Amino acid sequence: MKSVYKIFAYGSLINQTSLTKTVPEARNVIPAKVFGFSRMFNLASNYRFDPDHNSPVCVLNIAEGDAESVVNGICFEMDEVSIDKLLEREKGYDFCRIKAQHYYQDDRVFEAYYFRAYQFTPYKYLPNSSSQQHYLDLCLQGSQAYGDDFVTDFKNSTGFWGISSEQEQVAIWSGSY
């Protein structure tokens, strides 16, 4: 009997097109959330690149935060035979266990796995970058599939390393950074 893995995704894999391209065998996709973590743009991608800046795109990462903090995303299932492709895509991240729950049904709690970078040099979100904007748009469009509240929670639970100005953060969310 094959093992089944539940994966919590909190970045571009929220987007169904990105998920299907990366993990075509993903099934039983549900909106989910985890407690005690924070989401941050702070990691240089190992496969998303901006040729105009000759730099990697900054991607999302999560880390343990205060107990009240919540990060939303999706959970999907996949079997052990299919997980190698996802592990290759997410190299640079550690594969960790996490307790998650359904985003809309608080009584549905389950064990899952997620990817988190531990050993890395923080990296700043790229300004004036169409490649960077494309990554953010993937995340936002994927979030929109789960409703306006989901999008609002995504934005409220996402930070930008090295960018503390509220004006800059508003510009990022509006696509004019």
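Residues numbered from 1 in each chain as written. Predicted model: local features only at pLDDT ≥ 70, side-chain atom pairs only at ≥ 80, totals over all residues. Heavy atoms only, no water.

So, the overall build of the chain
And then number 1: When its secondary structure is counted, the chain shows 5 helices and 8 strands.
And then number 2: Secondary structure elements of the chain occur, N-terminal to C-terminal, as β-α-β-β-β-β-α-β-β-α-α-β-α.
And then number 3: Relative to a compact globule of 177 residues, whose C-alpha radius of gyration would be 16 Å, the chain shows 16 Å and is just as compact.
And then number 4: Across its three principal directions, the C-alpha atoms of the chain cover 50 × 30 × 30 Å.
And then number 5: Within the chain, the fraction of its 177 residues that count as buried is 52%.
And then number 6: Look at the contacts in the chain between residues 6 or more apart in sequence, and 75% of them connect residues 24 or more apart. (Helix = DSSP H or I, 4+ residues; strand = E, 2+ residues; numbered from the N terminus. Rg over C-alpha atoms; globule rule 2.2 N^0.38 Å. Buried < 20%, exposed > 50% of the residue type's maximum accessible area, 1.4 Å probe, protein only. Contact = heavy atoms within 4.5 Å.)

Quick look at the layout of surface pockets
And then number 1: In this structure, the largest pocket encloses a volume near 280 Å³.
And then number 2: Taken together, 23 residues make up the lining of the largest pocket; nearest its centre are Y10, L60, R89, E90 and Y93.
And then number 3: Considering every element that reaches the lining of the largest pocket, the biggest residue donor is strand β3 (residues 37-50), with 5 residues.
And then number 4: Split into classes, the residues belonging to the lining of the largest pocket amount to 15 nonpolar, 5 polar and 3 charged.
And then number 5: If you add up the space inside the second largest pocket, you get close to 200 Å³.
And then number 6: Every residue along the wall of the second largest pocket is listed here: T17, S18, K21, T22, Y47, R48, R89, H134 and L138.
And then number 7: The set of elements that each furnish at least two residues to the lining of the second largest pocket consists of α1 (16-22), β3 and α3 (130-144). (1 Å grid on protein atoms, 1.4 Å probe; cavity = no way out; pocket = protein on both sides within 12 Å on 5 of 7 lines; lining within 4 Å. Points joined across faces, edges and corners; volume = space filled by probe spheres on them. Nonpolar A, V, L, I, M, F, W, Y, C, P; charged D, E, K, R; others polar.)

A word on the nonpolar core
And then number 1: Residues I7, F8 and F76 are the most contacted members of the largest nonpolar core, which totals 56 residues.
And then number 2: In contact with I7, not counting residues within four places along its chain, are I74, C75, F76, M78, I83, L86, F95, Y113 and F115. (Core = buried A, V, L, I, M, F, W, Y, C linked by side-chain atoms within 4.5 Å.)

Topic: the pattern of salt bridges
Any two side chains of opposite charge can pair if their charged atoms end up close together.
And then number 1: Going through the model one piece at a time under the given rule, you end up with 4 salt bridges.
And then number 2: Of the charged contacts, one joins E77 and K6 as a salt bridge, the two residues approaching to 2.8 Å between their closest N and O atoms. Here E77 is found in strand β5 (residues 70-79), whereas its partner K6 is found in strand β1 (residues 4-9), with 71 residues between them in sequence.
And then number 3: Overall, the relative accessible area of 26% leaves K6 in the partly exposed class.
And then number 4: For D106, the salt bridge is made with K33, and the minimal N-O distance between the two is 3.1 Å. (Salt bridge = Lys/Arg side-chain N within 4 Å of Asp/Glu carboxyl O.)

A few points about the sheet that holds strand β8 (residues 158-160)
And then number 1: Pairing is mixed across the open sheet formed by 3 strands, whose spatial order is β4-β3-β8. Two strands lie at the open edges of the sheet, namely β4 (55-64) and β8, each paired on one side alone. For this sheet the average axis-to-axis angle between neighbouring strands, irrespective of direction, equals 45°.
And then number 2: Pairing between β3 and β4: 9 bridges, direction antiparallel. Counted as the bridge partner of F49 is P56 from β4. (Pairing = 2+ DSSP bridges. Axes fitted to C-alpha atoms, helices over the stretch in contact; angles between N-to-C directions.)

Here we look at the side chain of R39
And then number 1: For R39, the location among the structural elements is in strand β3.
And then number 2: There is a polar contact of 2.7 Å between the side chain of R39 and the side chain of N72.
And then number 3: A polar contact of 2.6 Å, which involves the side chain of R39, links it to the side chain of S157.
And then number 4: Residue contacts for R39: discarding those within four places in its chain leaves Y10, I14, L60, N61, I62, V71, N72, D153, F154, S157, T158 and G159. (Polar contact = N/O pair within 3.5 Å; in protein donor to acceptor, adjacent residues only side chain to side chain.)

Considering helix α4 (residues 148-156)
Side chains that are three or four residues apart share a direction in an α-helix, a result of its 3.6 residues per turn.
And then number 1: Along α4, the residues that are buried comprise F150, V151 and F154. Buried residues of α4, seen end-on, are gathered within an arc of 100° and therefore sit on one face of the element. Facing away from the buried surface of α4 by more than 90 degrees, the exposed residues are D148, D149 and N156. (Arc of directions from axis to C-beta.)

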